[in-house]
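For reference, the chains in residue letters:
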Amino acid sequence: MFEELTRSFEVRWDDVDLNGHLRNTRYLEYAATARLAFLTDSGWSPRDLLKAGVADVSLGEEVRYRREVFPLEVVTVASRIVGLSTDGARWRFEHTFSREDGEEVAVVRTLGAWIDLGVRRIAAPPAGLRTAMEAARAADCETLVTKS
């Protein structure tokens, strides 16, 4: 089982809000970039997904802020698949943000799904993508209910 994938980001001046803290939308953007890194590392580039006729969609996101992050600090995002439906159509990623010293600063949990681009409905992903997602399940991954 795959436990986590990590990506690091240096916080730029345009990443912060008026208080000088990493702004809330940037956490979501870093999490999305980390998910894309997982896909590309698994052999699924954005072009591959389009060729297969699928796209990922976010159904909801939850952010828990623990500490402030300031410009020029480096944050590392550790991503894990903590939820997956039996058909692979729905998934949940957990992205834990940490400073260079290991202090946890935030956690983003994203519930998402694969959609069939032809019919614009939630659908099981292609076999190879489903296999990649299954292989990346965290040890504590829950089974998500597939809704019709």
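Given the structure is predicted, the values throughout are model-derived calculations rather than measurements.

Conventions we followed
- Residues numbered from 1 in each chain as written.
- Predicted model: local features only at pLDDT ≥ 70, side-chain atom pairs only at ≥ 80, totals over all residues.
- Heavy atoms only, no water.
- Helix = DSSP H or I, 4+ residues; strand = E, 2+ residues; numbered from the N terminus.
- Core = buried A, V, L, I, M, F, W, Y, C linked by side-chain atoms within 4.5 Å.
- Buried < 20%, exposed > 50% of the residue type's maximum accessible area, 1.4 Å probe, protein only.
- Contact = heavy atoms within 4.5 Å.
- Polar contact = N/O pair within 3.5 Å; in protein donor to acceptor, adjacent residues only side chain to side chain.
- pLDDT = per-residue confidence, 0-100.
- Pairing = 2+ DSSP bridges.
- Expected span 1.5 Å × (residues − 1).

## What to know about the environment of A136
Structurally, A136 is set in the loop between α3 (127–135) and β7 (137–144). Here the alpha-carbon distance between A136 and F38, two residues 98 residues apart in the chain, equals 9.2 Å.

## Overview of the nonpolar core
The biggest cluster of nonpolar side chains holds 16 residues, and the ones touching the most others in it are F38, L39, L49, I81, W114, L129 and M133. When residues of this core are traced back to their parent elements, those giving at least two are α1 (24–41), β3 (74–85), β4 (90–99) and α3. For this core, the element with the highest residue contribution is α1, accounting for three residues. Residues V11, F97, V105 and A106 belong to the second largest nonpolar core, which totals 15 residues.

## Description of the environment of T40
Structurally, T40 can be placed in helix α1. What T40 contacts, discounting residues up to four positions off in sequence, is S45 and P46. A polar side-chain atom of T40 sits 3.1 Å from the main-chain carbonyl oxygen of A37.

## What about the confidence of the model for the protein chain?
Confidence in the prediction of the protein chain, expressed as mean pLDDT, is 93, and 96% of residues score 70 or more. Ranking the helices and strands of the protein chain by mean pLDDT puts strand β5 (residues 104–116) first, with 98, and strand β1 (residues 5–10) last, with 88.

## With respect to the pairing of β4
Counting buried positions along β4 yields ten of ten residues, so the element is predominantly enclosed. Neither face of β4 is left uncovered, since the one carrying R90, R92, E94, T96 and S98 and the one carrying W91, F93, H95, F97 and R99 both have all their residues buried. The sheet contact formed by β3 and β4 spans nine bridges and is antiparallel. Residue pairing in the sheet places R80 in a bridge with E94 of β4. The antiparallel pairing of β3 with β4 creates a hairpin that spans four residues between the two strands, and G88 there sits at a positive phi of about 80°. As judged from the nine bridges shared by β4 and β5, these two strands associate in the antiparallel manner.

## With respect to α1
Since one α-helical turn is 3.6 residues long, residues separated by three or four positions face the same way. For α1, built from 18 residues, the straight-helix expectation of 26 Å at 1.5 Å per residue is met to within 8% by its first-to-last C-alpha distance of 26 Å. Looking at α1, one finds that the buried residues are R26, Y27, Y30, A31, A34, R35, A37, F38 and L39. Just past α1, the residue G43 takes up positive phi, approximately 90°.

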